[in-house]
Each structure stands twice: as structure tokens, then as C-alpha cells.
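Overview (structure and organization)
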Amino acid sequence: MGNLLLKDEGIGVHVAQALQEMAPENGSNLQIVDGGTSPDVLLSLDKVDKLIIIDAVKGDCEPGTIYRLGPDEIPENGAEATSLHQVGLMQSLQILDKFGLKPPKVVIVGIQPKEIDWGTEPSAELGQKIPEMMRLVLEEARKC
């Protein structure tokens, strides 16, 4: 998830693209989906055992701090959607849950952003963390 036009906000997309370039070995059941700025892409997922969301996560830690969270650990931002074009990540997960489509396991691998400003590359601090985030995502994907 993330917006590639806003530096660190696009870190999830950068990590997903790097994972796609790795070309997982034949027979892998790992599917990488670029959700970009449309968390409603989650609504199109079919029969997913585990969903790993990669995104910038604002917390109280230093930029570059990596988080592993469950959806229940992410506070809702309070903004109500007035259109399907405004559905956020947590609302998408709630919709999936209401329809019995939420994957049995959902994990969020996030990182504390440094810069949310115009630009297509992450800050140096977050750019250096991409390999570590990739490793954590792959480790998470291997866990049952």
C-alpha cells in the first residue's frame, strides 16, 4: 500500500516492486499485489490464507523503525467514507470480515516514515530498510 508520489508514503509499493523483481521460485504460492492508494484492492482477493500488508505506519518511534502489527493494533483514523472511492485499509478489512472473506491471518509490516512530501523515492533512511523489510515479509510468508 502507499502513494509513490509522496516519498516515504510509497514505501509499501517500493518493497512490493522489489519483491516482484526477485521472481519467486517456481511453484511458489506467494502472490504480490500492488495496492497503491486503493485499499479496496483487498476486496478483490480470493481465497487468501494469509494477507501481509506492507505500508508506512506512523507511530512514536524514530524514522525507519519497522513494526509488525495485527489489524487490531491499528487505530482507526475516524474518517468516515462517503463513497466507495474513499474506503481505507481498516474499512476494507472490516468489509471482508462482514462478508466472511477476511483471510484467517492478517499481518501489517510497517515502517515509521521520515518524509511525507512530494517525491518518487523514499528517504535515504527508509530506502536503506527495503532489504530488511523484504526479508521480514518473506519470513512472514513462510510462517503458518
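Predicted, not measured: the structure shown is a model, and the values here were computed from it.

1. Regarding the environment of Ile130
Within the fold, Ile130 resides in helix H4 (residues 130–142). Separated by 111 residues in the primary sequence, Ile130 and Leu19 have C-alpha atoms spaced 9.8 Å apart. Leave out the neighbours within four places in its chain, and Ile130 touches Ile11, His14, Val15, Ala18 and Pro122.

2. Some remarks on the environment of Gly2
Tracing the backbone shows Gly2 in the segment before helix H1 (11–21). A C-alpha to C-alpha distance of 8.3 Å links Gly2 and Ser38, two positions 36 residues apart in sequence. Residues within four places of Gly2 in sequence aside, it is in contact with Glu9, Gly10, Val13, Gly36, Thr37 and Asp55.

3. Regarding unusual backbone geometry
Residues other than glycine seldom take positive phi values, yet Lys7 does so here, at roughly 45°. Mapping Lys7 onto the fold places it in the segment before H1.

4. Observations regarding the confidence of the model for the chain
When the pLDDT values of the chain are averaged, the result is 86; 87% of them are 70 or greater. Note that pLDDT drops below 50 for residues 78–86; the model gives that stretch eight contacts with residues more than four away or on any other chain.

5. Some words on the side chain of Asp8
Tracing the chain through its elements places Asp8 in the segment before H1. Lys7 provides the closest opposite charge to the buried, salt-bridge-free Asp8, at an N-O distance of 7.4 Å. Residues contacting Asp8, with those up to four places away along its chain left out, are Ala56, Pro113, Lys114, Glu115, Ile116, Pro122, Ser123 and Leu126.

6. Focus: H4
Note: α-helices contain 3.6 residues per turn, so residues at a spacing of three or four share the same orientation. Spanning 13 residues, H4 covers 19 Å between terminal C-alpha atoms, matching the ideal 18 Å at 1.5 Å per step. Where H4 is concerned, the buried positions are Ile130, Met133, Met134, Val137, Leu138 and Glu140. One side of H4 holds all its buried residues, which, seen down the axis, span an arc of 160°. Of the exposed residues in H4, the ones pointing more than 90 degrees away from its buried face are Pro131 and Arg142. In this structure, the buried side of H4 is in contact with H1, strand S1 (50–56), strand S2 (66–69), strand S3 (105–111) and helix H3 (124–127).

Cut-off values and rules
- Residues numbered from 1 in each chain as written.
- Predicted model: local features only at pLDDT ≥ 70, side-chain atom pairs only at ≥ 80, totals over all residues.
- Heavy atoms only, no water.
- Helix = DSSP H or I, 4+ residues; strand = E, 2+ residues; numbered from the N terminus.
- Contact = heavy atoms within 4.5 Å.
- pLDDT = per-residue confidence, 0-100.
- Buried < 20%, exposed > 50% of the residue type's maximum accessible area, 1.4 Å probe, protein only.
- Lys, Arg positive; Asp, Glu negative; His and termini not counted.
- Salt bridge = Lys/Arg side-chain N within 4 Å of Asp/Glu carboxyl O.
- Expected span 1.5 Å × (residues − 1).
- Arc of directions from axis to C-beta.

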